[in-house]
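Structural characterization, general
Residues per chain, in single letters:
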Amino acid sequence: MQLKQFNILIKLLFPMIISLFLISIISIGADFLNLEKNIKSEAKSYFKNTSITIDYILEKNIDLMKTLTFQITKNEKIIKEFEDNNKEALFKSLSVLFEHYHINHNITHFYLHKKSQHKYLAIHNTNKYKHLTTKVTLNESINSSKTISGIEFDIKHHLTLRVVSPVIKNGKVLFFIELGKNIEKIIKEYTENSKADIIFTINKKHITQKDFIKWLDKNDKERSFDSLSNYYILDSSIPKIDKALEKDLNKHLNLKSQFVENEGKKYIIYSQSYFDTSNKELGKLFILKDITNQYKYLYSSILKTTIITFIILLITIWYYFKHIRKTESELNYAYKYVQQLSAKDGLTKLYNKQYYLDNVLKLIQNFSRFNSYVSFILIDVDNFKKYNDNYGHLKGDDVLIQVSKIIKDNFKRDTEYCFRVGGEEFLIVSASEDAENGNKMANDLCKRIQNKNIEHKFNENFDVITVSIGLVTKHISHDIKIDDLYNSADKALYESKEKGRNKVTVFKESTQKSVSSD
């Protein structure tokens, strides 16, 4: 059986490298996703707290304005000035209150309305202007005679949180007090402290394009981000909204902790609708948390992890490469040693019969590239059984060793292979460029063994160790038959024995006769 050389580096190390590489990539990818998940989770918690805080701030401001309007409804001086229709005195009294409210509570709107919805006094601004939307808060307060609060859009003052309270005397409504605070300012105050960006929008159902353009011009607003598909942008703390963010805003109106990008920065965005007192959506508030630095840190951490992982991977590969290469070298050395043991005869160190059977055809095919003829030289030690019987097997082994050494010394070329094919039988497969070389070499070998003068008193006529040789030489061709060559050499060997031993007999195929030479 032919043994195969070990190639552990390819069969073991390369799959291990690929496996370690894949494991590293998967681990790094999992770390990235996990860190990204943590960023998203933190942002989700942040937005939840933001939403709660914004609602709380709005409720707190509503309660404040309800308290202030309640104080006004109990102010007898103001009631009397209204009943006396003393508009000038009433304006002065309310102006003092407004100045106090504006400085201490950031109140931006102060109206006094008659029951007919007629704006009797605008304390914060004496200039007349029209409102873009119906004053839903005032209407509800008039209809219910109760304090009503809500958000409304005003062409001059943006989005306003309003509280309207009726002033009642003796069960009769005299007038209505309206206080307001810019909701944009309320939200901006919070987002500035929380370092968030905001985008205010209003639904296009509530304002025409013409009025919106007019609003932009009046308030000196940039037009680079004035419109989405269904919303107009009233205000934005982001200087420029690029196409990618605009697409996300249009595509995902209900954004809950989604990653978006704008002008090279990375954000997590959250959207929240805001409604008027009739529960109609006025618009949307988009809150964006800048996570660019977090992502830079994330990428930096992943890069460091990747570098460290690959350094460890390279060290591991180097260590195992060195270890496996050493192991492979040792195994291959052992393989060659075992192969030699399996290929060679243990006593004579010549190739054994099994090696001959496995490789002779291949050897002859290799000979054909440089040589024209192949010779089979079959050798048998004369009367070797008698030698063993009389001198002992140890002496017999020594004879075989000496004979094999002479054979090896005589046949050293790369095209000459020596085999032990039986107990005292040897075979030489030799290639040459002419047909006579094999005969010459065989006769020379026969004489050398005899001239060695190894005592053998039971080898009649010679008294020393001799050999009989059968030789066949044939032109190398593609249809050459190994068995025929061996059988022909065996027939020639038999003739050498029959004709007195210690001679070479050449098998002649043309006449089917053998020619002996002493």
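Residues numbered from 1 in each chain as written. Predicted model: local features only at pLDDT ≥ 70, side-chain atom pairs only at ≥ 80, totals over all residues. Heavy atoms only, no water.

**Focus: the overall build of the chain**
Scanning the chain from terminus to terminus reveals 13 helices and 17 strands. On the chain, roughly 28,700 Å² of surface is accessible, and the fraction owed to carbon and sulfur atoms is 52%. (Helix = DSSP H or I, 4+ residues; strand = E, 2+ residues; numbered from the N terminus. Areas by Shrake-Rupley, 256 points an atom, 1.4 Å probe, with all protein chains shown as cover.)

**Comments concerning the packing of aromatic side chains**
Across all of its chains, the model carries 15 aromatic pairs by this definition. Relative to Tyr-486, the ring of Tyr-356 has its centre 6.1 Å away and its plane inclined at 45°; by these criteria the two rings are tilted. Placement of the pair is Tyr-356 in helix α9 (residues 353-367) and Tyr-486 in helix α13 (residues 482-498), with a sequence separation of 130 residues. Taken together, a centroid distance of 6.0 Å and an interplanar angle of 75° make the contact between Tyr-391 and Phe-458 edge-to-face. Within this pair, whereas Tyr-391 is found in helix α10 (residues 384-391), its partner Phe-458 is found in the loop between α12 (437-451) and β15 (467-475), the two being separated by 67 residues in sequence. Among the residues examined, Tyr-391 registers a relative accessible area of 23% and is labelled partly exposed. In this structure, Lys-204 packs its charged tip against the face of Tyr-232, placed 5.1 Å from the ring centre. (Phe/Tyr/Trp six-rings, centres within 6.5 Å; stacked < 30°, edge-to-face > 60°. Buried < 20%, exposed > 50% of the residue type's maximum accessible area, 1.4 Å probe, protein only. Lys NZ or Arg CZ within 6 Å of the ring centre and 35° of its normal.)

**Some details on the sheet that holds strand β10 (residues 281-290)**
The five strands lie next to each other as β7-β6-β10-β9-β8, forming an open sheet whose pairing is antiparallel. The outermost strands of the open sheet, each flanked by one partner alone, are β7 (231-236) and β8 (256-262). Taken pair by pair, the neighbouring strands of this sheet meet at an average axis angle of 30°, ignoring direction. (Pairing = 2+ DSSP bridges. Axes fitted to C-alpha atoms, helices over the stretch in contact; angles between N-to-C directions.)

**A short note on helix α4 (residues 136-144)**
Turning to α4, its buried residues are Thr-137, Leu-138, Asn-139, Ser-141 and Ile-142. Ser-145 occupies a position one or two residues after α4 and carries a positive phi of about 55°.

**Brief notes about the nonpolar core**
Soluble globular proteins: nonpolar side chains tend toward being buried together. Grouped together as the largest cluster of nonpolar side chains are 58 residues, with contacts concentrated most on Leu-90, Leu-94, Phe-110, Leu-112, Leu-159, Phe-175 and Leu-234. In terms of residue count, helix α1 (residues 8-73) provides more of this core than any other element does, twelve residues in total. Excluding residues within four positions of it along the chain, Phe-175 makes contact with Ile-78, Ile-79, Phe-82, Leu-112, His-113, Ser-165, Pro-166 and Val-167. In this structure, Phe-384, Phe-411, Cys-446 and Leu-471 belong to the second largest nonpolar core, which totals 27 residues. (Core = buried A, V, L, I, M, F, W, Y, C linked by side-chain atoms within 4.5 Å. Contact = heavy atoms within 4.5 Å.)

**Describing a nonpolar patch on the surface**
Residues Ile-18, Phe-21, Leu-22, Ile-25 and Ile-26 make up a contiguous nonpolar surface patch of about 490 Å² in total accessible area. We classify Ile-18 as exposed; its relative accessible area is 51%. (Patch = residues over 30% accessible without salt bridge, like charges linked within 9 Å, V, L, I, M, F, W, Y side chains within 5 Å. Salt bridge = Lys/Arg side-chain N within 4 Å of Asp/Glu carboxyl O.)

**What about the packing of helix α11 (residues 393-410) against α12?**
At their nearest, the axes of α11 and α12 sit 10 Å apart, and the two run at 145° to each other. The two elements α11 and α12 cross, and the hand of that crossing is right-handed. Across the interface between the two elements, Val-403, Ile-406, Ile-407 and Asn-410 from α11 touch Met-441, Asp-444, Leu-445, Arg-448 and Ile-449 from α12. Here the residues of the contact of α11 with α12 sort into six nonpolar, one polar and two charged. (Left-handed = near helix turned anticlockwise from the far one by under 90°. Nonpolar A, V, L, I, M, F, W, Y, C, P; charged D, E, K, R; others polar.)

**Side note on the confidence of the model for the chain**
One rule of thumb: low pLDDT means the predicted coordinates there are not for detailed reading. Per-residue confidence for the chain gives a mean pLDDT of 84, with 89% of residues at or over 70. Here residues 128-134 is a poorly scored stretch, pLDDT under 50, and it has 18 contacts once near neighbours within four places are set aside; other chains count. (pLDDT = per-residue confidence, 0-100.)

**Some words on the environment of Tyr-299**
Within the secondary structure, Tyr-299 is located in helix α8 (residues 292-343). Since its relative accessible area comes to 47%, Tyr-299 is described here as partly exposed. Taking the C-alpha atoms as reference, Tyr-299 lies 10.0 Å from Leu-35; in sequence the two are 264 residues apart.

**A closer look at unusual backbone geometry**
The backbone phi angle of Asn-383 is positive, close to 50°, even though this residue is not glycine. Within the fold, Asn-383 resides in the loop between β12 (373-381) and α10. Although it is not a glycine, Asp-463 adopts a positive phi angle of roughly 60°. On the basis of relative accessibility, which here comes to 44%, the residue Asp-463 falls in the partly exposed class.

**Regarding the pairing of strand β14 (residues 425-432)**
Across the eight residues that make up β14, a large majority, eight, are buried. Side chains Glu-425, Leu-427, Val-429 and Ala-431 project from β14 onto one buried face, and the interleaved Phe-426, Ile-428, Ser-430 and Ser-432 project onto a second face that is buried too. Bridge count between β12 and β14: eight bridges; the pairing is antiparallel. Counted as the bridge partner of Ile-377 is Ile-428 from β14. Inspection of the sheet shows strand β13 (residues 416-420) paired to β14 by five bridges, in the antiparallel sense. Bridged to Arg-420 within β14 is Phe-426. Linking two consecutive strands that pair antiparallel, namely β13 and β14, is a turn of four residues.

**Some thoughts on the packing of α10 against α11**
The angle between the axes and the distance between the axes are what describe a pair of packed helices. Where α10 meets α11, the closest approach of the two axes is 7 Å, and the angle between their N-to-C directions is 135°. Taken together, the axis directions place α10 and α11 in an arrangement best described as oblique. For the pair formed by α10 and α11, the contact residues are Phe-384, Tyr-387, Asn-388 and Tyr-391 on the first element and His-393, Lys-395, Gly-396, Val-399 and Leu-400 on the second. Of the residues belonging to the contact of α10 with α11, the class tally is five nonpolar, three polar and one charged. (Parallel < 35°, antiparallel > 145°, perpendicular 65-115°, else oblique.)

**Some thoughts on the environment of Ile-238**
Its place among the elements puts Ile-238 in the loop between β7 and α7 (243-251). In sequence terms Ile-238 and Asn-262 are 24 residues apart; their C-alpha atoms lie 9.1 Å from each other.

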